[in-house]
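Results of the structural survey
Okay, here's what each chain looks like letter by letter:
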Amino acid sequence: MKIAIIGTGYVGLVSGACLAEIGHNVICVDLDCEKIKNLKKGTVPFYEPGLDKLVKKNIKNKKLFFETDLTKALPQSEIIFIAVGTPAMRNGEANLSYVEKVAEEIGRNLKKYAVVAIKSTVPPKTCEKIKNLVSKYYDGQFDLVSNPEFLREGSAVEDFMKPDRIIIGAQNEKAKNIMRELYSPLNALIYTTRLESSEMIKYASNAFLATKISFINEIANVCEEIGADVGEISKGMGLDPRIGKEFLKAGIGYGGSCFPKDVRALRHSSGVNGYDFCLLKSVIKVNNRQRQLTVKKAKKLLGGLKNKIIGVWGLAFKANTDDIRESAAVEIIKMFLKNGVKVKVYDPIAMANAKKELSGKVVFCEDLYEAADKSDLLFIATDWDEFKKTDLLKVKKLLSEPKIIDGRNIFSPSEMKEIGFEYWSVGR
Ligand code: UDX
C-alpha cells in the first residue's frame, strides 16, 4: 500500500521504517530540512536499536522515501499518518497545534479518498475535531482513524513488528478494513473500536502503567520503614496473573517523553470534560516525591549536601536510550545542584543530549570510574547493563567515602555490604 507519514520523530520514523519493511511504499515527511537531508542518507537522528539498519535497507530497496513537502507525498497515498508531537503545556494540557496544522494542510491538499490516521497521542474527542478541520478545507470523501502506538524506546522496532495488540478506532468498516490490510503482514491481534475508545485506550494504558510504578514506589517507601524487601514483594505480587510482574520495579520514579505527559494530559482532559480524576493526582505527586526522597537520602547519608561531590551514573530516563526527556536522573541532578553539590556524571550514550541541558553545571566524565573518582557518594540513576558489570572493588577505592545510593536496585544489598559499601537502595 502507499503510505505517507507526517512527522519523523520516534513514532513516525519507527512506524515508517517498519511499514516499509513489511512491504509498503512509505514517504516520511518532516518540516526539518536538515533532518530530512540526513535521513535521505540513512542517518537516524536518535539512538534506537536496529532502526538505522532498517532505514538504510529500505531506502536501498526503494520502499522508504523522505520529503519536506507534504504536497508531494499526499496525492498517491492511501493512508496518511499524523505522527507529530503533542507536548504538554504548563497546565498539563496536550498541545495540539502541530496536529491541527498538519490536518489543515492535509485538508488543503487532499485530492481523492484516503484514510487519515492519527498516531500522535491525543486526548479523547480530538479525532472528531481533526475530522472537522480536514473537512473545512476538503469536501471530498475521507475517513479518520485513531491508531495509537505502544512503542517503548529501546525496543521500538521489535514492539512494532511483534505487537501485543493493534488498536484501530474508526467510524466505519471501510476504514477498518483498509487498516486491517495495512497490518496484515504482521499477523497481529487487531482490536477495532469507536474513535473515542481508541484514543482513550492509549491514555488509559500509559496512566495505568504509571500508576503501577507509583504504587510500587509507595510500597517501597513503606518497606524501608518496616524492613521488608520490595524486590521480594514485586515478585510475590507478580506471580498473581491478575496483577502481572511487569512495571513493578521500584526506583526513582517514571520519566520519559510519554508517561509524565500522558498522565498529566489525561488528568487535564478528564477535568475539562467534567470529571476530577483524583487517582492520577496522587500518581503524579508520588512520582515527584520519589525524586525528592532520593535527595533527602543523599543528605542523610552525607550529613548535608553543600560542597559535597556526587558522582552520577546514568542520565537517560531509562536504559538503552539516549533520551533524557523528563528523566528522573536529570531532575535529581538539578536538585543536587540547587543544594550546592558538585556533580560528576557519566552515561553510556545520553551524554550528548545531557550536555544541551547541563553544560557548564556538571562535570562530564569519560567513563563510570572517572565519575566515581574522589566523589563522596555515588548515585546510580539509570539501570544500564554496563553499570552492573563494574569492578566494584575499584569503585570502592576510587570513592572518597564508600557510599552508594542505588536508585534502580541493580546490586544485591548483602554483596554490597560484604564489599564494605554503605549501600542504600529503594525499598530494601
Ligand atoms: C512508554 C510505554 O511503555 C509505551 O507503550 C508508550 O507507547 C510510550 O511510553 P517508554 O516511554 O519508552 O514507553 O518507557 P517505559 O519502558 O514504559 O518506561 C517508562 C518509565 O518508567 C521509565 O522512566 C522507567 O525507568 C520507569 N519504570 C518502568 C519504572 O520505574 N519501573 C518499572 O517497573 C517500569
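Conventions and cut-offs
Every chain is numbered on its own, with residues counted from 1 as its sequence reads. Whole-chain, interface and lining totals are the exception, using all residues; otherwise, since this is a predicted model, local features are given only for residues with pLDDT of at least 70 and side-chain atom pairs are given and counted only at 80 or more. Hydrogens are left out, water is left out, and the side-chain values use all remaining heavy atoms of the structure. For Phe, Tyr and Trp, rings pair up if their centres lie within 6.5 Å, where Trp contributes its six-membered ring, and each pair is then called stacked (planes under 30 degrees apart), edge-to-face (over 60) or tilted (otherwise). Categorising residues by exposure relies on relative accessible area from a 1.4 Å probe, with only protein chains included: less than 20% of the type maximum marks a residue as buried, more than 50% marks it as exposed, and the intermediate range marks it as partly exposed. For a lysine, the NZ atom is tested; for an arginine, the CZ atom; a charge sits over a ring if that atom is within 6 Å of the ring centre and within 35 degrees of the ring normal. Strands are labelled as partners when DSSP assigns at least two bridges between them. In DSSP terms, a helix is any run of H or I states spanning at least four residues, a strand is any run of E spanning at least two, and both are numbered starting from the N terminus. To get an axis, fit a line to the C-alpha atoms, keeping to the stretch in contact for a helix; angles then go from 0 to 180 degrees between the N-to-C directions. Note on contacts: a residue pair is in contact if any heavy atoms of the two residues lie within 4.5 Å. This arc corresponds to the set of directions leading from the helix axis out to the C-beta atoms. Under this definition, polar contacts are N or O atom pairs within 3.5 Å; protein pairs additionally need one hydrogen-donor-capable and one acceptor-capable atom, and for neighbouring residues in sequence, both atoms have to be side-chain atoms. One heavy atom within 4 Å of a molecule or strand makes the whole residue count as near it. For accessible areas, the Shrake-Rupley method is used with a probe of radius 1.4 Å. Any residue's cover is judged against the shown protein chains and nothing else. As a working rule, the residues Ala, Val, Leu, Ile, Met, Phe, Trp, Tyr, Cys and Pro are called nonpolar, Asp, Glu, Lys and Arg charged, and the rest polar, with Gly in that last group. Domain extents, as shown, originate in an automatic or database domain assignment.

**Some points on the packing of aromatic side chains**
Following the criterion strictly, the structure yields nine aromatic pairs and no others. Here Tyr254 and Phe259 contribute two aromatic rings whose centre-to-centre distance is 6.0 Å and whose plane-to-plane angle is 75 degrees, an arrangement assigned as edge-to-face. Exposure class is identical for Tyr254 and Phe259. Each is buried. Ring centres of Tyr275 and Phe277 lie 6.3 Å apart, and the angle between their planes is 70 degrees; on these two criteria the pair is classed as edge-to-face. Pairwise contacts between aromatic rings join Phe247, Tyr254 and Phe259 into one cluster. Above the ring of Phe150, the side-chain terminus of Arg165 is found at 3.7 Å from the ring centroid. Lying across the ring of Phe364, Lys355 places its NZ or CZ 5.4 Å from the centre.

**A look at the sheet that holds strand S6 (residues 143-146)**
Within a sheet, each strand pairs with its neighbour through backbone hydrogen bonds, oriented either parallel or antiparallel. Ordered by their spatial adjacency, eight strands build an open sheet running S3-S2-S1-S4-S5-S6-S7-S8, and the pairing between neighbours is mixed. Either end of the sheet is taken by a strand with one partner, and the two such strands are strand S3 (64-67) and strand S8 (190-193). On average, each strand axis in the sheet is tilted by 25 degrees relative to the strand beside it, whichever way the strands run. Of the pairings in the sheet, the one linking strand S2 (residues 25-29) to S3 comprises four bridges and is parallel in character. Paired with Val29 across the two strands is Glu67, which belongs to S3. Contacting strand S4 (79-82), strand S5 (115-118) and S6, helix H6 (residues 126-137) crosses the sheet at an angle of about 155 degrees to S6. Sheet strands touched by helix H9 (residues 195-226): S6, strand S7 (166-170) and S8. Its angle to S7, the strand with the most contacts, is close to 145 degrees.

**Details of helix H10 (residues 230-238)**
Buried within H10 are the following residues: Val230, Ser234 and Gly238. Buried positions in H10, seen along its axis, are confined to an arc of 70 degrees and lie on one side of it. Opposite its buried face, H10 presents the exposed residues Glu232 and Lys235, each directed more than 90 degrees away. Buried positions along H10 lie against H9. One side-chain oxygen at the N-terminal end of H10 lies 2.7 Å from the backbone nitrogen of Gly231; it belongs to Asp229.

**Description of the site of the ligand**
Residues in contact with the ligand amount to 18 residues; listed here are only the nearest, Glu153, Lys249, Phe317, Lys318 and Arg408. In the environment of the ligand, an oxygen atom lies 2.9 Å from a nitrogen or oxygen atom belonging to the side chain of Lys318. Across the complex, the protein chains shield 91% of the 670 Å² of accessible surface that the ligand would expose by itself. Element by element, the count of residues in the shell around the ligand is highest for H9, at three residues. When grouped by side-chain class, the residues that make up the shell around the ligand number nine nonpolar, two polar and seven charged. Shared between two domains, the shell around the ligand takes at least three residues from each, and those domains are domain 1 (2-193) and domain 2 (207-424).

Coordinates in, geometry out; function isn't part of it.
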